[in-house]
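Coordinate inspection notes
Here are the chains, one letter per residue:
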Amino acid sequence: MKIKQDSLGQYDLVYSDYIDKVARKYEPRIGRLFIKFSELEHTLDIAIVERLFDRSHDFGYLVIEGSSLNNKIELFRKLFHAYTKALKPSQLKKFKNIVKRLHDARVFRNYVAHANWRTLDKSGYVRTRVSEKEGEVVFKKVRITAPALEAWHRRIERLDELLHEFVSEPQMLK
């Protein structure tokens, strides 16, 4: 993922109409990405709630209610790390990879969700955050192209499958 920062001049005037020209390429890809990501988050939720209590989901959902995605990923890591290490040490590397990829997908999803699409330029950079650095307003821009959205959709789809396979092993949820 390519990231750059630009400083604000005197005014934040956005004159770009580039998004209007490419919206038809971006809109369905963004929508599919969010749909696939919600499926991944559901798989993560189910993994957590079944690890907490495998007789029903209500207790687990009460525990994760209101949790941020970052907190859910970290809870998943905490619930499964020692267990994986003890019962399936050969799966530990796979487990750590899943956790890393969950965080990577979360970060990319947040970039897409918080992007100011009116600022999209022809090179694919779009503003995702405004912050202050040493008394100066700075815009964080991430390169999000239509092909990148497709690639992330496939990554998230495969991650969902890996997560499901990992937690579906009989000894993982008991």
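Let me begin by describing the structure that accompanies this report. Everything quoted here is computed from the prediction, not taken from an experiment.

**Some details on the overall build of the protein**
Regarding its fold elements, the protein presents 5 helices and 3 strands. Ordered by position from N to C terminus, the α and β elements of the protein give β-α-α-α-α-β-β-α. Here the protein, with 174 residues, has 40% of them falling under the buried criterion. Nonlocal contacts in the protein, meaning residues at least 24 apart in sequence, comprise 70% of its contacts between residues at least 6 apart. Surface accessibility of the protein: about 10,300 Å² in total, with carbon and sulfur atoms responsible for 51%. In the protein, which carries 34 positive and 24 negative side-chain charges, the distance between the mean positions of the two groups comes to 5 Å.

**Points about the packing of aromatic side chains**
With the rule as written, the count across this model stands at 7 aromatic pairs. With a centroid separation of 6.3 Å and 70° between ring planes, the pair formed by Phe-53 and Phe-59 is classed as edge-to-face. Given the relative accessible area of 35%, Phe-53 is considered partly exposed. The interplanar angle of 5° and the centroid separation of 4.6 Å between the aromatic rings of Phe-108 and Trp-152 together place this pair among those described as stacked. Of this pair, Phe-108 sits in helix H4 (residues 92-114) while Trp-152 sits in helix H5 (residues 146-168), and the two are 44 residues apart along the sequence. The exposure class of Phe-108 is buried, given its relative accessible area of 1%. Here the guanidinium or amino end of Arg-51 rests over the ring plane of Tyr-83, the centre of that ring lying 3.8 Å away. The ring of Trp-152 has Arg-155 lying over it, and the distance from NZ or CZ to the ring centre is 4.5 Å.

Each value, and the rule that gives it
- Residues numbered from 1 in each chain as written.
- Predicted model: local features only at pLDDT ≥ 70, side-chain atom pairs only at ≥ 80, totals over all residues.
- Heavy atoms only, no water.
- Helix = DSSP H or I, 4+ residues; strand = E, 2+ residues; numbered from the N terminus.
- Buried < 20%, exposed > 50% of the residue type's maximum accessible area, 1.4 Å probe, protein only.
- Contact = heavy atoms within 4.5 Å.
- Areas by Shrake-Rupley, 256 points an atom, 1.4 Å probe, with all protein chains shown as cover.
- Lys, Arg positive; Asp, Glu negative; His and termini not counted.
- Charge placed at Lys NZ, Arg CZ, Asp CG, Glu CD.
- Phe/Tyr/Trp six-rings, centres within 6.5 Å; stacked < 30°, edge-to-face > 60°.
- Lys NZ or Arg CZ within 6 Å of the ring centre and 35° of its normal.

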